[in-house]
Every structure is written in C-alpha cells, then in structure tokens.
Amino acid sequence: FRRALDIAPEDSLSHHNFGNLLAELGRFSEAEASYHKAIALNPDEALHFLGLGGLFADQENYEAALDQFNRALKLSPDDSRIHHDLADLLMTLER
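Quantities reported herein were computed from a predicted structural model and do not represent experimental measurements. The written sequence of each chain sets the order in which its residues are numbered from 1. It should be noted that, the model being predicted, local features are given only for residues of pLDDT at least 70 and side-chain atom pairs only at 80 or more, the latter also being counted only at that level, while totals for whole chains, interfaces and linings use all residues. For the side-chain quantities, the full set of heavy atoms in the structure was used; hydrogens and water were omitted.

**A short note on the pattern of salt bridges**
Here a salt bridge means any side-chain nitrogen of Lys or Arg lying within 4 Å of a carboxyl oxygen belonging to Asp or Glu. In this structure the tally under the stated criterion is three salt bridges. The shortest N-O distance in the salt bridge between R27 and E30 comes to 2.8 Å. Three exposure classes are used, based on accessible area relative to the maximum for each residue type with a 1.4 Å probe and protein chains only: buried under 20%, partly exposed in between, and exposed over 50%. Accessibility expressed as a relative area gives 33% for R27, which makes it partly exposed.

Given below as structure tokens:
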C-alpha cells in the first residue's frame, strides 16, 4: 500500500485501503489518520466515512461511530452496507 500511496498520493481509495490494513494490524491511530486523509481527498465518498465509523465502533467509541455512519448514510442513503453497520451499532447501543 505504501508503494501505491507513493505512486498516487491523491488516490483516496488507496488511503482508505491502507486504513483498513492498519486497523487489521491494530494500529488504530494510524488507521484513523489514513481514513481522515481519504476523507480529505474525497469527502463525497461514503465508503470512507463507513470505514472510519467501523474503526470507531471496533474501539467501542460508539458515539463517534454513529456520527460517521450517519455521515455515510447522508452521502449514500441506499447503500445496504451502511444500513447494516448502522443497525448493528444501534442494537449495541440498544436504541
């Protein structure tokens, strides 16, 4: 991923995917920074907010996750992945 980022540093999806990898490795602060970079590059991509929300949910930062999922939903109201992750979170929060 670093090579991809070196080649195309303005590619938001590469930053998003790198965030996914960092999250899998437990490098949460770096993953968060990578998702934020993806969002800065393409703030109209719901996937980036969904990824950041998932990261927050995994860390039990539920209110931050809820905020990110709602942002994703506004951008892509028909995306079933967003509805699924949001429903899981709301069940966790018993809302």
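Don't stop here, the text continues.
**Regarding helix α5 (residues 62–75)**
Spanning 14 residues, α5 covers 20 Å between terminal C-alpha atoms, matching the ideal 20 Å at 1.5 Å per step. Strands here are runs of E lasting at least two residues and helices are runs of H or I lasting at least four, both read from the DSSP assignment and numbered beginning at the N terminus. Those residues of α5 that fall on the buried side of the exposure criterion are A65, L66, Q68, F69, A72 and L73. Around the axis of α5, the buried residues are gathered within 170 degrees of arc, so they sit on the same side. Next to the buried residues of α5 lie α3 (28–41), α4 (46–58) and α6 (80–92). By definition here, a helix of n residues has an expected span of 1.5 Å times n minus one. Relevant arc is that of directions from the helix axis to the C-beta atoms, nothing else. It only takes one pair of heavy atoms within 4.5 Å for two residues to be counted as in contact.

**Quick notes on the packing of helix α2 (residues 12–24) against α4**
Each axis is a line fitted through C-alpha atoms, taken for helices only over the stretch in contact, and angles between the N-to-C directions span 0 to 180 degrees. Running from N to C, α2 and α4 point in directions that differ by 15 degrees, and their axes come no closer than 10 Å. Between α2 and α4, the angle is such that the two are roughly parallel. Our pair here, α2 against α4, has a crossing hand that is left-handed. Taken together, the residues of α4 that come into contact with α2 (itself represented by S12, L13, H16 and A23) are L47, H48, G51 and L55. Taken together, the residues of the contact of α2 with α4 sort by class into four nonpolar, four polar and no charged. Any angle between 65 and 115 degrees counts as roughly perpendicular, while under 35 counts as roughly parallel, over 145 as roughly antiparallel, and the rest as oblique. By the definition used in this description, the sense in which the near helix is turned from the far one sets the handedness, with an anticlockwise turn below a right angle giving left-handed and a clockwise turn giving right-handed. In this classification, the charged set is Asp, Glu, Lys and Arg, the nonpolar set is Ala, Val, Leu, Ile, Met, Phe, Trp, Tyr, Cys and Pro, and all remaining amino acids, among them Gly, are polar.

**Structural notes on the environment of D85**
Locating D85 in the fold gives a position in helix α6. Separated by 56 residues in sequence, D85 and S29 have C-alpha atoms that sit 21 Å apart. Excluding anything up to four places from it in sequence, D85 contacts L50 and F69. Here a polar contact is taken to be a pair of N or O atoms separated by no more than 3.5 Å, where protein atoms must pair a possible hydrogen donor with a possible acceptor and residues adjacent in sequence count only if both atoms sit in side chains. Here the side chain of D85 touches H84 through a polar contact of 3.2 Å, side chain to side chain.

**Overview of the side chain of H48**
With respect to the helices and strands, the residue H48 is situated in helix α4. By relative accessible area, H48 is classed as buried at 1%. Setting aside anything within four residues of it in sequence, one finds H48 in contact with S12, L13, H16, Y35, A38, I39 and N42.

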